[in-house]
Amino acid sequence: MSIKRNDPCPCGSGKKYKKCCLQQANVIELSEVKERRFFEQRDHLTSKLLHYVYSHVPEHEQRQLYRSFTHQLEGHLDESLLESYFSFWLSTVHRFDNGKRGVEMFVEEEAKRFSPSEQRILNEWGAIKPRLIQYIEPTDGGIIVLDLYSDERFFMPYCETLPENLAPWSVAVMLLEPFKDGYCMHGIALWQAPIQLWQVKEFVDEKVKTNNSDVTTVLSDYFLDIFMLLDGDEQEEMQDELTETTVVYDITDYDDVLTTFLNEQSQLFIDNFDGEVARWSWCGDWYRYEDYASPGAINLAKVNGTITVTPETLTFKTTDESNLASFKTWLATLTHSVEYIDETTQTVESALPQTEEMRYCMAFEDKDTPEHFSLYAQLHMQMHELENEVIAAIGDETVGTYLERGERERVDFWLQAQEHHMYMLMRHNENIDILPDFNYVRRQLGLPKSYFVPFERHTALVAADNPMKGLLDPEEIALYEALGFTPETASSFYSDDVINFYKEKTSGKSQATERKYRTGLETLVIFLGEHLIYEKASWKAMTETKWDDLFTQELYDMYPNLSQNKLEMILSTVKAFAKWLDKKYDTTHYQTITSLLNEYGTAMKNSIKLMESFYPHRRRYYDDIDKYVQEMINGSGDDEHEDDLTGIFKIEKINKNSIVGVDCYFDDQAYTIAINETDLLEIGMVLEATIRQTAKNRYKIVELESVFPR
């Protein structure tokens, strides 16, 4: 129903519609019309400008400039943008032999031919110069940017040239022109990460000094050089080279070392133990990270190094040389069953921005704590004592030294780069609506606050006790490891149920029974760790779709050499566990599993039979080893052909001695593939295989990697 001018305004103000929201609607509509008109007018003038420039620059000079332009920006700009960016640079930035830019000549010679409003725009174009601009603050309807040389602040309203999801602290060398109540980007500019910002400012300052010039002239003359500097590889820049030291000891009494380490819970945390080889993290002091934005806290500790114990050797690795002496002293007090053998160093790369001291963390979240807060806690701990750290990306001195010398901007730019990087990592996760508290470290260092962190954000890092100390005895740890639990999944919602079920079913039973339940539960635990570790709920999160994924895909990915016997052990254990869960929680997992197995249980068994027909189980195992050794010695196998096709083929049709399989991974093309065991196949089953053409549209299987029930 339409609202008439004299009707009461639907907003509830008590005024007539014509005196209230109708006026606002008209204002909004008028604003949109003005914006559309502005960009239409700008596009029209841009086309006239480009026509003028290209008609006044000889073709041979255009080609020479374009070759130089593309050569300089090779690898820095997408090919689809080269021509438009070149046109913008040629007409608006580049200075010709007369010392003038194309836009300046165009305004001098052609502006009088245009309307007064167009002349005003052209005169503005002739006056604007390149600026080094940084996004520093979000605000209503747009953003605040800073000219990093003049310290002027500009409001840029959201429009067709400004994205609304711009990353914090993004930088660009650009031209600004008046628009609405602020400014918009003129021409073309690419927002980039601030990781190279300090190098850019050093470059500009050096050119100003050596050329006896001003910033505006340098930004114009070296426009492309600055663009390339800003376009440094962010991932590469965020990586850091580390020196990893490895110390090896000979073990004289394996049982003594193993028992001693399993009982040592004050500094050691076991990462993995397969009954023979054990790996521990050697941790430092424990802390508790508290964040008002998180429903739970996080306990975490520095990992000073890793320890691996085999029956023959003990190996310690660390990226902090200062930990070596501490470890050797600590080890000497712990056991006398080792003898020093050797010590080596090598250079490695860290994948995330990190300080020289803090390289790794061990973290445990409280229940219901979202996963990303664990990363925030580690970042918080990493920067806890940043003033005393040496950051390779900043220089070879401590952060505090640069601050004392007044080089605050150098440190500030590095922090901006970290915040930008975290935003880029998290931006595609719709469940994350808040980033780390970078103002915590800014307050510590006396740097300006970040407007991208909510004002009320409060975080803290306080000393805490080891959360795992005394929780498990060595036998319990071994049981968790045997059932496939990791440090991250040991405290998950399903861990107690799995452990209790296993103990109930195997107490006083034979080794064969223990092996059966261990095999089945380990399979389930590995699957849950990959798919449900971060689910907040309970067993209700294990939906029919997830059971389906386990039985039709994940099971065969976990065990490429899956045998009929192992499949029976897994299915029998999982069904028994499902029935146990249903009784405890009043769920319907057993019914769901039974229904699924009735549907494609035969296909599951036939998948293994088909693999057996191609490669018997024992032969598959040893062939994998032989293949690996052969490839290590000779490269790929001699029997490979250039035209072999490797794909994932879904069976669409079954003939007498062949199938029609559609490659659902690459091209959706159908292939007729010879196969004799058609009695084992069903429509919808999937073959991961390498095939070779034998005749027109006829193929044979060269290598069968896996068979999936569907």
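See the structure shown above.
This one's a predicted model, so the numbers in the text were calculated from it and none came from an experiment.

If you look at the biggest cluster of nonpolar residues, it comprises 69 residues, and the most contacted ones within it are W89, W191 and F223. Counting 41 residues, the second largest nonpolar core, distinct from the first, contains I499, V525, L550 and I608.

A word on the pattern of salt bridges. All told, the structure shown has 26 salt bridges when counted by the stated rule. Its salt-bridge partner being E108, residue K100 comes within 2.9 Å of it at the nearest N-O pair. E568 serves as the salt-bridge partner of K605, at 3.5 Å between the closest nitrogen and oxygen. Here E568 lies in helix α20 (residues 564–585) and K605 lies in helix α21 (residues 589–614), a separation of 37 residues in the sequence. Classification of E568 by relative accessible area gives partly exposed; the value is 37%. Residues joined by salt bridges that share partners form a network here, namely E202, E397, R405, E407 and R410.

In this structure, D151 is a non-glycine residue whose phi angle is positive, near 65 degrees. Residue placement: D151 occurs in the loop between β2 (142–147) and β3 (153–157). In this structure D151 comes out as exposed when scored by relative accessible area, which is 57%. In the Ramachandran plot, N697 falls in the positive-phi region, its phi being about 55 degrees despite a non-glycine side chain. In this fold, N697 is placed in the loop between β17 (686–695) and β18 (698–708).

Under the defined criterion, the tally for this structure stands at three cavities of 30 Å³ or more. Within this model, the second largest cavity holds a volume of roughly 80 Å³. What lines the second largest cavity is a set of 11 residues, among which Y556, Y559, P560, M611 and V707 lie closest to the centre. Looking at the lining of the second largest cavity, the elements with two or more residues in it are α21 and β18. In the lining of the second largest cavity, the residues fall into seven nonpolar, two polar and two charged.

On to the side chain of S495. Looking at the secondary structure, you find S495 in helix α17 (residues 495–506). Apart from the residues within four sequence positions on either side, S495 is in contact with Y480, F485, T489 and A490.

With that out of the way, let us pick up the pairing of strand β16 (residues 670–674). Examined bridge by bridge, strand β15 (residues 658–663) and β16 share five bridges and lie antiparallel to one another. By the bridge assignment, I659 is partnered in β16 with I673. One ladder, built from two bridges, connects β16 with β18; its direction is parallel. Across the sheet, A674 pairs through a bridge with K700, a residue of β18.

The next point concerns the state of the cysteines. Inspection of the entire model under this criterion finds zero disulfides. With no disulfide of its own, C184 has C159 as its nearest cysteine by sulfur position, at a separation of 5.4 Å. With relative accessibility at 1%, the residue C184 sits in the buried group. Lacking any disulfide linkage, C361 is separated from the closest cysteine sulfur, that of C283, by 9.2 Å.

Here the focus is the sheet that holds strand β14 (residues 645–654). Spatially, β14-β15-β16-β18-β17 is the arrangement adopted by the five strands of the closed barrel, whose pairing is mixed. Averaged over neighbouring strand pairs, the angle between their axes works out to 55 degrees when direction is ignored. Contacts from α21 reach β17 and β18, with the element oriented near 125 degrees to β18.

Turning to its location among the elements, E104 is positioned in helix α4 (residues 102–110). Look at E104 and you get buried, because its relative accessible area is 15%. Once the C-alpha coordinates of E104 and N123 are considered, the two residues, 19 residues apart in sequence, prove to be 8.7 Å apart. Each residue touching E104, except ones within four places of it in the same chain, is listed here: R95, G126 and K129. There is a polar contact of 3.0 Å between the side chain of E104 and the backbone nitrogen of R101.

Calculation rules
- Residues numbered from 1 in each chain as written.
- Predicted model: local features only at pLDDT ≥ 70, side-chain atom pairs only at ≥ 80, totals over all residues.
- Heavy atoms only, no water.
- Core = buried A, V, L, I, M, F, W, Y, C linked by side-chain atoms within 4.5 Å.
- Buried < 20%, exposed > 50% of the residue type's maximum accessible area, 1.4 Å probe, protein only.
- Salt bridge = Lys/Arg side-chain N within 4 Å of Asp/Glu carboxyl O.
- Helix = DSSP H or I, 4+ residues; strand = E, 2+ residues; numbered from the N terminus.
- 1 Å grid on protein atoms, 1.4 Å probe; cavity = no way out; pocket = protein on both sides within 12 Å on 5 of 7 lines; lining within 4 Å.
- Points joined across faces, edges and corners; volume = space filled by probe spheres on them.
- Nonpolar A, V, L, I, M, F, W, Y, C, P; charged D, E, K, R; others polar.
- Contact = heavy atoms within 4.5 Å.
- Pairing = 2+ DSSP bridges.
- Disulfide = S-S within 2.5 Å.
- Axes fitted to C-alpha atoms, helices over the stretch in contact; angles between N-to-C directions.
- Polar contact = N/O pair within 3.5 Å; in protein donor to acceptor, adjacent residues only side chain to side chain.

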